Amino acid sequence: QQPLVKMALYVGLMSGTSCDGIDAALIEIGDANTVQLRGFHCIDYTDEERSRLLQASAGDVSLQEGCRLNVWLGHKLAKAALTLLQQAQVEPTDITAIGSHGHTVCHLPSDMPYGSTMQLGESAVIAALTGCVVVNDFRPADIAQGGQGAPLIPYADHCLHATFPHSLILLNVGGIANITLLHDSTVLAFDTGPGNMLIDRATQARTSNAHSYDDNGDIAKSGKVDVELLDQLLQHPFYAAPAPKSAGREDFGQRYYESIEQQSKCTSHDLVTTLTALTAHSVALGVALALDSVRVSEQGSSESAPISELTISVAGGGVHNTYLLQTLTRLLETKLTVPSMHVCNYSELPGGCDPDAREAVGFALLARATLAQEPGNIIAATGARQPTVLGKVTYPPCKS
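Residues numbered from 1 in each chain as written. Predicted model: local features only at pLDDT ≥ 70, side-chain atom pairs only at ≥ 80, totals over all residues. Heavy atoms only, no water.

Caption draft 1: Structural detail: the overall build of the protein chain. Within the protein chain, the secondary structure is distributed over 15 helices and 12 strands. Taking 2.2 N^0.38 as the reference for a compact globule, 400 residues should give roughly 21 Å; the C-alpha atoms of the protein chain span a radius of gyration of 20 Å, in line with that estimate. Looking at the 400 residues of the protein chain, the share that counts as buried comes to 55%. Taking the contacts inside the protein chain whose residues are at least 6 apart along the sequence as the reference set, 70% of them involve residues at least 24 apart. Surface summary for the protein chain: the accessible area is close to 17400 Å², and the carbon and sulfur share equals 50%. In the protein chain, which carries 24 positive and 41 negative side-chain charges, the distance between the mean positions of the two groups comes to 3 Å. (Helix = DSSP H or I, 4+ residues; strand = E, 2+ residues; numbered from the N terminus. Rg over C-alpha atoms; globule rule 2.2 N^0.38 Å. Buried < 20%, exposed > 50% of the residue type's maximum accessible area, 1.4 Å probe, protein only. Contact = heavy atoms within 4.5 Å. Areas by Shrake-Rupley, 256 points an atom, 1.4 Å probe, with all protein chains shown as cover. Lys, Arg positive; Asp, Glu negative; His and termini not counted. Charge placed at Lys NZ, Arg CZ, Asp CG, Glu CD.)

Caption draft 2: Focus on the nonpolar core. Counting 38 residues, the largest nonpolar core has Tyr10, Val361 and Leu365 as the members making the most contacts within it. Of all elements in the fold, only strand E1 (8–15), strand E2 (21–29), helix H5 (154–161), strand E7 (167–173), strand E9 (186–194) and helix H14 (358–371) reach the threshold of two or more residues within this core. Top contributing element to this core by residue count: H14, with eight residues. Beyond its immediate stretch of four places on either side in the chain, tyrosine 10 contacts Ala25, Leu26, Ile27, Ile29, Ile95, Thr96, Ala97, Ala364, Ala367, Arg368 and Leu371. Of all hydrophobic cores here, the second largest spans 29 residues; its members include Ala56, Leu73, Val90 and Ala127. (Core = buried A, V, L, I, M, F, W, Y, C linked by side-chain atoms within 4.5 Å.)

Caption draft 3: How the structure looks around H5. Here H5 lies mainly inside the structure; six of its eight residues are buried. The elements touched by buried residues of H5 are strand E3 (35–44), E7, strand E8 (176–183), E9, H14 and helix H15 (379–382).

Caption draft 4: Structural detail: the packing of helix H6 (residues 197–206) against helix H11 (residues 254–263). The interhelical angle for the contact between H6 and H11, taken along N-to-C directions, is 60 degrees, at an axis separation of 10 Å. Between H6 and H11, the angle is such that the two are oblique. In this structure, the crossing between H6 and H11 has a hand that is right-handed. Contacts between H6 and H11 pair Leu198, Arg201, Ala202, Ala205 and Arg206 from the former with Gln254, Tyr256, Tyr257, Ile260 and Glu261 from the latter. Partitioned by chemical class, the residues of the contact of H6 with H11 number six nonpolar, one polar and three charged. (Axes fitted to C-alpha atoms, helices over the stretch in contact; angles between N-to-C directions. Parallel < 35°, antiparallel > 145°, perpendicular 65-115°, else oblique. Left-handed = near helix turned anticlockwise from the far one by under 90°. Nonpolar A, V, L, I, M, F, W, Y, C, P; charged D, E, K, R; others polar.)

Caption draft 5: Local environment of the sheet that holds strand E11 (residues 340–345). Spatially, E9-E8-E7-E10-E11 is the arrangement adopted by the five strands of the open sheet, whose pairing is mixed. Two strands close off the open sheet at either side, each with one partner strand: E9 and E11. Taken pair by pair, the neighbouring strands of this sheet meet at an average axis angle of 15 degrees, ignoring direction. Note: E7 against strand E10 (residues 309–315), six bridges, orientation parallel. Bridge pairing links serine 167 to leucine 310 in E10. Those strands touched by H14 are E7, E8 and E10, and its axis lies near 110 degrees from that of E7. (Pairing = 2+ DSSP bridges.)

Caption draft 6: Focus on unusual backbone geometry. Residue methionine 112 is joined to proline 113 through a cis peptide bond whose omega torsion reads 5 degrees. Among the secondary structure elements, proline 113 is positioned in the loop between strand E4 (95–108) and strand E5 (116–120). A cis amide bond, omega 5 degrees, links alanine 243 with the succeeding residue proline 244. Positive phi, normally seen in glycine, also occurs at serine 208, with a value near 55 degrees. Summarising the element assignment, serine 208 is placed in the loop between H6 and helix H7 (218–221). Owing to a relative accessible area of 67%, serine 208 belongs among the exposed residues under this scheme. Although it is not a glycine, asparagine 209 sits at a positive phi angle of roughly 65 degrees.

Caption draft 7: Looking closely at a nonpolar patch on the surface. A cluster of nonpolar residues, Leu371, Val393 and Tyr395, forms a patch on the protein surface that exposes about 280 Å² of accessible area. Topologically, tyrosine 395 is positioned in the segment after strand E12 (392–394). (Patch = residues over 30% accessible without salt bridge, like charges linked within 9 Å, V, L, I, M, F, W, Y side chains within 5 Å. Salt bridge = Lys/Arg side-chain N within 4 Å of Asp/Glu carboxyl O.)

Caption draft 8: Examining the pairing of E11 more closely. For E10 and E11, the ladder comprises six bridges, and the chain directions are parallel. Residue pairing across strands places threonine 311 opposite histidine 342, the latter belonging to E11.

Caption draft 9: Seen up close, the packing of aromatic side chains. As enumerated under the stated definition, the model contains six aromatic pairs in all. Relative to phenylalanine 363, the ring of phenylalanine 138 lies with its centre 5.3 Å away and its plane at 55 degrees, an arrangement referred to as tilted. Remark: phenylalanine 363 occurs in helix H14 and phenylalanine 138 occurs in the loop between strand E6 (134–136) and helix H4 (139–143); sequence separation between them is 225 residues. For the pair phenylalanine 138 and phenylalanine 363, a shared accessibility class is recorded, and that class is buried. An aromatic cluster is built from Phe238, Tyr239, Phe252 and Tyr256, whose rings are joined through pairwise contacts. The ring of tryptophan 72 is capped by arginine 52, whose NZ or CZ atom sits 5.5 Å from the centre of that ring. Of note, arginine 358 hangs over the ring of tyrosine 346, and the distance from its end group to the ring centre comes to 5.9 Å. (Phe/Tyr/Trp six-rings, centres within 6.5 Å; stacked < 30°, edge-to-face > 60°. Lys NZ or Arg CZ within 6 Å of the ring centre and 35° of its normal.)

Caption draft 10: Local environment of the packing of H5 against H14. At a minimum axis separation of 8 Å, H5 and H14 run at an interaxial angle of 90 degrees. Taken together, H5 and H14 sit at an angle that is classed as roughly perpendicular. Residues Tyr155, Ala156, Asp157 and Leu160 of H5 touch H14, and the partners they reach there are Arg358, Val361, Gly362, Leu365, Leu366, Arg368 and Ala369. Class assignment of the residues belonging to the contact of H5 with H14 gives a composition of seven nonpolar, one polar and three charged.

Structure (structure tokens):
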């Protein structure tokens, strides 16, 4: 990789599958490849906005509504970027580029004969309103190479944490949960299954929308796990499937939740508890799968050291669910055979930052890679045939 540009400022924008809002991160890339988070800002979606995005993700909107949503979200993303810059006292003219993931409304990477994906958030609107160069639509280039188009944050994970002194797993618990494993020169990453997505939906349904999410895991903490239902849910073929693999609302969204409701005999709190356990168990299965993959590859290699010490760093909205993290930590301690394991918040990790900002920071770094014409996909993570430059570049209006 080429050296990072000296003292350059980038903005990253992310709207995740939880549909809770937009994360905006301002990073400074300095000499010696240093990356510093200069600012972070979140804009929450209103209930109406969230409903529109969820309907689009479920395929329940017209083409005209999808067209309107694309432009509306461009305005919302631009507002998030401008508010961030105002708070950081940075002029838009000082920004090298904005990397915008947008919002995924459809992700079908394994469709035959052609995989596909769609993210909303019109880049021309963002460029016009901010006056900045915008890089967006990162996923299709990887899918065009036969990849999953996800996860893409492993590129940033490798940039930021490749020199970590021992084996590291970076876990992100958003709507979907995913992990990146860094071990010696190995980079392995994939989605593990639902993160907050099903927990949030059960919380909303079982509280008559009085709560949009389980704050701190308090609802789950007051219930009991339906072991029979949990065992049934863990039979989903996604969990045992080998990497590379990615998931979305097509797999674990509203229709899947409705099927759970049909077979569930749980009380209100017990269903939230059971789905919280599902996230914890599926993440633990994913971690075990990643470690097993490394061990298998090491059997024929004399260059890679066995995993004797492991740090698992947690980011994303799920980091605020204490009950989920406690459940997950207990499972990992029980199921893993690593001599030394430590679970920590992403902010505690050297080179880490606010755990809510991690993915936005990642897309800021991916924008830099695009402008430098460097590949932004890690083929061991996405399954693409070859590395490729990701994203499309939109320039702001010409100055008169």
